[in-house]
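Structural overview
Here's the letter readout for the chains.
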Amino acid sequence: MKTISKLKKELDKWFSLFIRLRDADDNGNVICFTCGVTKHYKQGMQCGHFQSRRHLATRFDEVNCQPQCVKCNMFEQGEQFKFHIKLNAKYGEDTSLNLQHKAMQSVKFTRVDYNEKISYYKSLVENLKKQKQID
């Protein structure tokens, strides 16, 4: 039986793929949410989090997470201010504030929760790849 830690890592993998593929074009290219650079979803793009991954309540939130290039996500600490502005522009003016509040909530996932989420995002990834005809 997989540990919670291994399940979380596996979910991170499928969720990250989903976030990048969700916004990819039919060639697999995706635009960085914060700087606008375009790169292939497999090369130089990551799943950026507005509220840090350490907050389980928002770690797998599809609004909290957007594609980001390695430069913005890693070397620019996620460009949180730009992220905040763009989130509010895309989803509504209170979006970033609501995510800040949500991040502070205490959440605990069970093995069942992780396994369900893994199956869900794995299925979405496979469907997106077929739909966009990309690998």
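Above this text is the structure in question.
Residues numbered from 1 in each chain as written. Predicted model: local features only at pLDDT ≥ 70, side-chain atom pairs only at ≥ 80, totals over all residues. Heavy atoms only, no water.

**Things to note about the layout of surface pockets**
In this model, the largest pocket occupies a volume close to 230 Å³. Around the largest pocket, the lining residues are Cys47, Gly48, His49, Phe50, Gln51, Ser52, Arg53, Asn73, Gln77, Gly78, Gln80 and Phe83. Those elements giving two or more residues to the lining of the largest pocket turn out to be β3 (45–49) and α4 (80–91). The element that contributes the greatest number of residues to the lining of the largest pocket is β3, accounting for three residues. Partitioned by chemical class, the residues of the lining of the largest pocket number three nonpolar, eight polar and one charged. Lining the second largest pocket, in full, are Asp12, Lys13, Phe15, Ser16, Arg20, Gln46, Cys47, His49, Arg53, Phe60, Asn73 and Met74. Ranked by the residues each element gives to the lining of the second largest pocket, the list is headed by helix α1 (residues 4–22), at five residues. Here the lining of the second largest pocket is composed, by residue class, of four nonpolar, four polar and four charged. (1 Å grid on protein atoms, 1.4 Å probe; cavity = no way out; pocket = protein on both sides within 12 Å on 5 of 7 lines; lining within 4 Å. Points joined across faces, edges and corners; volume = space filled by probe spheres on them. Helix = DSSP H or I, 4+ residues; strand = E, 2+ residues; numbered from the N terminus. Nonpolar A, V, L, I, M, F, W, Y, C, P; charged D, E, K, R; others polar.)

**Digging into the pattern of salt bridges**
Evaluated as defined, the whole model comprises eight salt bridges. With a closest N to O distance of 2.6 Å, lysine 102 and aspartate 61 form a salt bridge. One end of the pair, lysine 102, is in helix α5 (residues 95–103); the other, aspartate 61, is in the loop between α2 (56–59) and β4 (65–69), with 41 residues separating them in the sequence. Look at lysine 102 and you get partly exposed, because its relative accessible area is 30%. Residue lysine 71 pairs with glutamate 76 through a salt bridge whose shortest N-O separation is 3.6 Å. (Salt bridge = Lys/Arg side-chain N within 4 Å of Asp/Glu carboxyl O. Buried < 20%, exposed > 50% of the residue type's maximum accessible area, 1.4 Å probe, protein only.)

**Quick notes on α5**
When α5 is considered as a whole, its buried residues turn out to be Thr95, Ser96, Leu99 and Ala103. The arc that holds the buried residues of α5, viewed along the axis, is 95 degrees, so those residues lie on one side. Summarising the contacts, the buried residues of α5 are in contact with α2 and α4. (Arc of directions from axis to C-beta. Contact = heavy atoms within 4.5 Å.)

Remember that the coordinates give geometry; whether it matters functionally is a separate question.
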